[in-house]
Structures are given as C-alpha cells and as structure tokens.
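# A structural walkthrough
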Amino acid sequence: MPGEYAINYTAVLVAAGLGGGLVAFLFIISYLLAPHHYSEEKAISYECGMLPMGRFWSQIHVRYYIFAILFMIFDVETVFLYPWAVTFVSLGPAAFFEMVIFILVLLFGLAYAWKKGALAWR
Amino acid sequence: MPWYVDITARVGAMLIFLILTVLALVWLERKFAGRIQMRLGPMRTGYQGLLQSLADAVKLLLKEDLRPANADRWAFQMAPFVVFVPIFLIFVTIPFSRELVIRNLDMGLFYIIAVSGLSIVGIVMAGWGSDNKYALLGAVRSAAQMISYELPLVLALLGIAMQASSLNLVTIVEQQRFLPNLFMQPLGFTLFMVAALAELHRSPFDIPVAESEVVGGPFIEYSGIRWGIFYLSEYVNLVAVAALASLVFLGGWEWPLLPPAAWFLVKTFALIMVIMWVRATLPRLRIDQLMDFAWKILLPLAFVNIFIVGLYRLYQWPTWTVSLISLAMAIVAAATVYHFPGGERR
C-alpha cells in the first residue's frame, strides 16, 4: 500500500478523471440523442442578429494588462505568505514584523500605482 | 476495502451528490428569487415545479450542438472540461464531517486556492475559441474581475490560516468547537463573501456575463449540453464556496445536537440562500466601480485584517478585543462602501 501522500494525490487524479469523465459522458449522450442538421447559417457567429463584421479579433484595452501585472505581484506575495502564516506564531515577533515590512514594501508599490492612476478604469 | 476502490467510491459518491444538489439548487434559486419578486416561480412540472430542473437537464441533452464555423475547435471543445474539472477538484478535500471526506489533505486550504484559480483558464478558452466579439470581451472582463477579487479572497483565507496555524481543513474546523471564526474575524468573513460573489460571477458582480452588455459573455456561442456544463460548473462552484465558508468561518460540523454532516449542510445551504438573496436584491455594478472596489477598498482591508490577526496571535490578546477591532473595521468598510464615490462619470 502506498504512502499517505501518494494516496491523497491519487485521489486528486481520480477526481480529475471522473469529473472529466462525467463531462465526456454527457457529451456522448447528447451526441447520440440530439438532432444533427448542419447548415451554413447556423455556423455563423452571433452578433445582434446581423451578419458579423470581421472576425472576433478586436483590440483589448491596455488597462487589462496593467491589472494582470499588479495581480502577478500580489499573487506571488500570497504564495510567500501562506507558509509564513502557518509558522509565524512559533517563530516569534521578529518573523511577524519582517513580513509586515515585506507587505509594506509591496503596499508602497500599490500606493504608487494608485497615485499614477493605474488603478483608474478609464 | 483496497485504497483505490475506497477513493474511487468516495469521488463517485461526491459527484452524484453534487449533481443532485445542483438540480435541487436550480429549482431552489428560481423558486426563492420568484418569491422575493412576488412571483410563484416554476409551478407546472411536478408538485411546486420540483421536476423543473430535471426537465431542463433533459432538454439541454436533446438540443443540437452548434459550433461556429470559424471557432477554434480545440479551445472551444475543451473549455467545458477546463472549467468543470478544477471546480470539482475543490471537493476532494471538503470535509462534510471528520470521516466524510474524500481525502483530508494537509495543505487543504492552499490546495483549494490553487485549483479554484484554474477555471479562469477555461473561461478565457471559451471566450477566445468562440469567434465572437462579445465572447472575447466577456472573457477578458471575466479574467480581470477574477484576478482582482482573487487577492482579497486569498488574503481573507490567510487570516484563517494564521488563526489556526494550519492549512488542514479538519484541524481548522476542530479549533472552532467553542467559537466559530466568524466571531473572531467578522471583517475576514465579509471580505471573503464579497470576493466570493465576484469569483462566482454572481450579482452584483455579474458584469462578465451581463446579458444587456455582452449577451451572456464567454458562453454566448455554446448551446445544448456544452452550455449546460458551464451552468453546472457555476452551481458546483457556488456549493464549493459556500461549503468552504461554512467550514472556515462558521465552524463546519462542530456544533452539538444534530449529526455533524447535517450541521455542515445546514450552514452551507444557509450561505447559499444568502447569496441567492443578494442576487435577487442588488443591481449590477459598473466595471469601474467593480475594479475600484477590489483594489482600493478590499485589498487594503485584507491587509489590515492580516495585521490584526497577526498581532492577536502573537501577543495573545483576549478574544473579544480582536472581535471588536475586526467588527469595527467591518463597519468602517460598510460605511466607506456606502459613501464610496462611484467614479467619475464621463
């Protein structure tokens, strides 16, 4: 019998397999039961009932990109925060205040982005 | 029973439980929203419309499956899998009671955060693959919203990890035998629920799927059972978030009298009802209000929450002090939101 860790993450794999299996199973049932009447008109993308103008490729505003960068910064930070959260009581005040300084540095970055108007949605 | 049969049986039971729960929830939501809006809701199929969601499911199975001619075939067809599977993976470590769990992972909380972030990839795939402007726009909005609200969500859960000094959900629940974390961290709970509403794309944060703006967002080109999978995922995600909140904030099964799993389900469904209530009550936000709210209010408050919990844990403050500070902060947050300027109108 494999170890606890291996069993735990085998369960994750089994869940992924069964979850994907359920979706595939529903697709197959639907494929067998549903009608298939292909026509050119049905395969046109929806656009308010008119014929679509061009392809879907449209320009996306750069502000999405800025938010993605900000997210990356803080999300990486949370990865550091989780191991610390579990152990900081046993490590004592020094560990806590070091992390507070780390967070403050990043919050300074947030304040800078805020000041520069990166957080404004316009 | 050999271990692999055991886990397969548990995963299968969870899958069946979730499908039945979703069928019930779809009915419940329509009925509940109907009553709030002084309608009857579904009445025709079965007693009080009880068979409505079953009828809907059969209808979805029998619908023709359409795919736009120019759609990116792989992205379009794989998107339902990529949305559903990560959401289902959350349930691997959601304990219904001490024993009623597929596997009790030591890093349960972190694992849930990790896999729940994945389904955004599926939504972007759906939007990208559909060859539709509204779908792409909805997917990009969805990505922006989910990454913005993921931060307060993750940081609110960090407060729980600090409180419990553990990421194991069973340990976290057992520590709440006398005092649920809700009373310790009302601010954390508020942050979690608000961010969770946004992660679920539920009103008032349903901008990515807003019918009047992007006509259904990323899922616009999906029909029949493919669309049904997205719908299923949405409700499974609702159950997952409510279950997680009832575990880490409301104390899960650790209350007397009723059997443990029953307490867990009562709390989970109470939270689901609250989320449905919000949906039936509040109008949709504008997207600039949405992003401002995440970055300028929720994120700083989440760090304040961490700071309070850290000081409390480090210096062994009495319990009531941290509850009071956290509650005061929650009230300040509510007042800020109430007076929050809705951004410049252009």
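Fair warning: this is a prediction, and the values are worked out from it, not measured in the lab.

Looking only at helices and strands, one finds three helices and zero strands in chain A. In sequence order, the secondary structure elements of chain A are arranged as α-α-α. The C-alpha atoms of chain A give a radius of gyration of 25 Å, which is well past the 14 Å a tight globule of 122 residues would have. Principal-axis analysis of the C-alpha atoms gives chain A an extent of 70 × 60 × 15 Å.

Applying the stated criterion across every chain yields a total of 25 aromatic pairs over all chains. Considering the side-chain rings of F74(A) and F303(B), the 6.2 Å spacing of their centres and the 50° angle between planes classify their relative orientation as tilted. Of this pair, F74(A) sits in helix 2 (residues 63-91) while F303(B) is found in helix 13 (residues 287-315), placing the two residues in two different chains. Ring geometry for F96(B) and F264(B): centres 4.9 Å apart, planes at 50°, overall tilted. Taken together, the residues F96(B) in the loop between helix 3 (73-89) and helix 4 (108-116) and F264(B) in helix 12 (residues 260-281) connect sequence positions 168 residues apart. One exposure class covers both F96(B) and F264(B), and it is buried. Through successive ring pairs, a cluster of aromatic residues spans W84(A), F88(A), F96(A), F97(A) and F307(B). The ring of Y235(B) is capped by R202(B), whose NZ or CZ atom sits 5.9 Å from the centre of that ring.

Below, the discussion takes up the layout of surface pockets. All names here are of chain B. Empty space within the largest pocket amounts to approximately 810 Å³. V194, F205, L282, F293 and V337 are the residues nearest the centre of the largest pocket, which is lined by 30 residues in total. Listing elements by their share of the lining of the largest pocket, those giving two or more residues are helix 9 (186-199), helix 12, helix 13 and helix 14 (319-338). The element contributing the most residues to the lining of the largest pocket is helix 9, with seven residues. For the lining of the largest pocket, the residue count by class is 26 nonpolar, four polar and no charged.

Below, the discussion takes up the interface of chain A and chain B. Contact residues are listed per partner, giving 69 residues for chain A and 77 residues for chain B. In total, chain A and chain B occlude about 6,700 Å² of area from one another, counting both sides; carbon and sulfur atoms represent 78% of this. The interface formed by chain A and chain B contains one salt bridge. The shortest N-O distance in the salt bridge between E4(A) and R103(B) comes to 3.1 Å. On inspection of chain A and its partner chain B, the count reaches nine residue pairs in polar contact (both at pLDDT 80 or more). Elements supplying a minimum of two residues to the side of chain A that touches chain B: helix 1 (4-33), helix 2 and helix 3 (93-115) of chain A.

This part takes up empty space enclosed by the protein. Residue and element names in this part refer to chain B. Per the counting criterion, the structure on display carries two cavities of 30 Å³ or more. Roughly 180 Å³ of volume is contained in the largest cavity. The wall of the largest cavity is formed by 15 residues, among which I90, S116, L153, N237 and V241 lie closest to the centre. For the second largest cavity, the calculated volume is near 40 Å³. As for the second largest cavity, its lining consists of F17, F91, F96, V239, A243, F264, L265, T268 and F269. When contributions to the lining of the second largest cavity are tallied by element, the ones reaching two or more residues are helix 11 (224-248) and helix 12.

On to the side chain of S223(B). All names here are of chain B. Locating S223 in the fold gives a position in the loop between helix 10 (211-214) and helix 11. A relative accessible area of 18% means that S223 is categorised as buried. A distance of 3.1 Å separates a polar atom in the side chain of S223 from the backbone nitrogen of L66. In this view, S223 contacts E64, D65 and L66; residues no more than four positions away in its chain are not counted.

Between two packed helices, the angle of one axis relative to the other and the distance separating the axes together describe the packing. All names here are of chain B. For the pair helix 9 and helix 11, interaxial distance at closest approach is 10 Å and the crossing angle is 170°. Here helix 9 lies roughly antiparallel to helix 11, going by the angle between them. Here F192, M193, A196 and E199 of helix 9 lie close against helix 11, whose contacting residues are N237, V241, L244 and A245. Among the residues making up the contact of helix 9 with helix 11, the classes are represented as six nonpolar, one polar and one charged.

A contiguous nonpolar surface patch, about 640 Å² in accessible area, is contributed by I28(A), Y31(A), L32(A), L33(A), V58(B) and L62(B). Elements represented by at least two residues in the nonpolar patch include exactly helix 1 of chain A together with helix 2 (52-62) of chain B. No other element matches the four residues that helix 1 of chain A contributes to the nonpolar patch. V58(B) gets classed as partly exposed once you look at its relative accessible area, which sits at 43%.

Moving on, we come to the nonpolar core. Grouped together as the largest cluster of nonpolar side chains are 148 residues, with contacts concentrated most on W84(A), F192(B), V248(B) and W295(B). Ranked by the residues each element gives to this core, the list is headed by helix 6 (residues 133-164) of chain B, at 18 residues. Not counting residues up to four positions away in its chain, the partners in contact with F192(B) are L153(B), A156(B), L157(B), V241(B), L244(B), A245(B) and F249(B).

The next thing to look at is the environment of L25(B). Residue and element names in this part refer to chain B. Inspection of the secondary structure assignment puts L25 in helix 1 (residues 3-36). Once the C-alpha coordinates of L25 and V236 are considered, the two residues, 211 residues apart in sequence, prove to be 9.6 Å apart. For L25, the residues in contact, after removing those within four places along its chain, are Y235, L238, V239, F269, I272 and M276.

This part is about helix 6 of chain B. All names here are of chain B. Given a rise of 1.5 Å per residue, 32 residues ought to cover 46 Å, and the 46 Å separating the end C-alpha atoms of helix 6 matches this to within 8%. Counting buried positions along helix 6 gives 30 out of 32 residues, so the element sits mostly inside the fold. If you check the start of helix 6, you find a side-chain oxygen 2.8 Å away from the backbone N of Y134, and it comes from N132. Looking at the residues trailing helix 6, positive phi occurs at S165, about 50°.

In this section: the confidence of the model for chain A. The share of residues in chain A with pLDDT of 70 or more is 99%, and the mean pLDDT across the chain is 85. Per-element confidence in chain A ranges from a low mean pLDDT of 87 for helix 2 of chain A to a high of 90 for helix 1 of chain A.

Rules used throughout
- Residues numbered from 1 in each chain as written.
- Chains lettered and ligands numbered in written order.
- Predicted model: local features only at pLDDT ≥ 70, side-chain atom pairs only at ≥ 80, totals over all residues.
- Heavy atoms only, no water.
- Helix = DSSP H or I, 4+ residues; strand = E, 2+ residues; numbered from the N terminus.
- Rg over C-alpha atoms; globule rule 2.2 N^0.38 Å.
- Phe/Tyr/Trp six-rings, centres within 6.5 Å; stacked < 30°, edge-to-face > 60°.
- Buried < 20%, exposed > 50% of the residue type's maximum accessible area, 1.4 Å probe, protein only.
- Lys NZ or Arg CZ within 6 Å of the ring centre and 35° of its normal.
- 1 Å grid on protein atoms, 1.4 Å probe; cavity = no way out; pocket = protein on both sides within 12 Å on 5 of 7 lines; lining within 4 Å.
- Points joined across faces, edges and corners; volume = space filled by probe spheres on them.
- Nonpolar A, V, L, I, M, F, W, Y, C, P; charged D, E, K, R; others polar.
- Contact = heavy atoms within 4.5 Å.
- Buried area = accessible area lost by both parts, 1.4 Å probe.
- Salt bridge = Lys/Arg side-chain N within 4 Å of Asp/Glu carboxyl O.
- Polar contact = N/O pair within 3.5 Å; in protein donor to acceptor, adjacent residues only side chain to side chain.
- Axes fitted to C-alpha atoms, helices over the stretch in contact; angles between N-to-C directions.
- Parallel < 35°, antiparallel > 145°, perpendicular 65-115°, else oblique.
- Patch = residues over 30% accessible without salt bridge, like charges linked within 9 Å, V, L, I, M, F, W, Y side chains within 5 Å.
- Areas by Shrake-Rupley, 256 points an atom, 1.4 Å probe, with all protein chains shown as cover.
- Core = buried A, V, L, I, M, F, W, Y, C linked by side-chain atoms within 4.5 Å.
- Expected span 1.5 Å × (residues − 1).
- pLDDT = per-residue confidence, 0-100.

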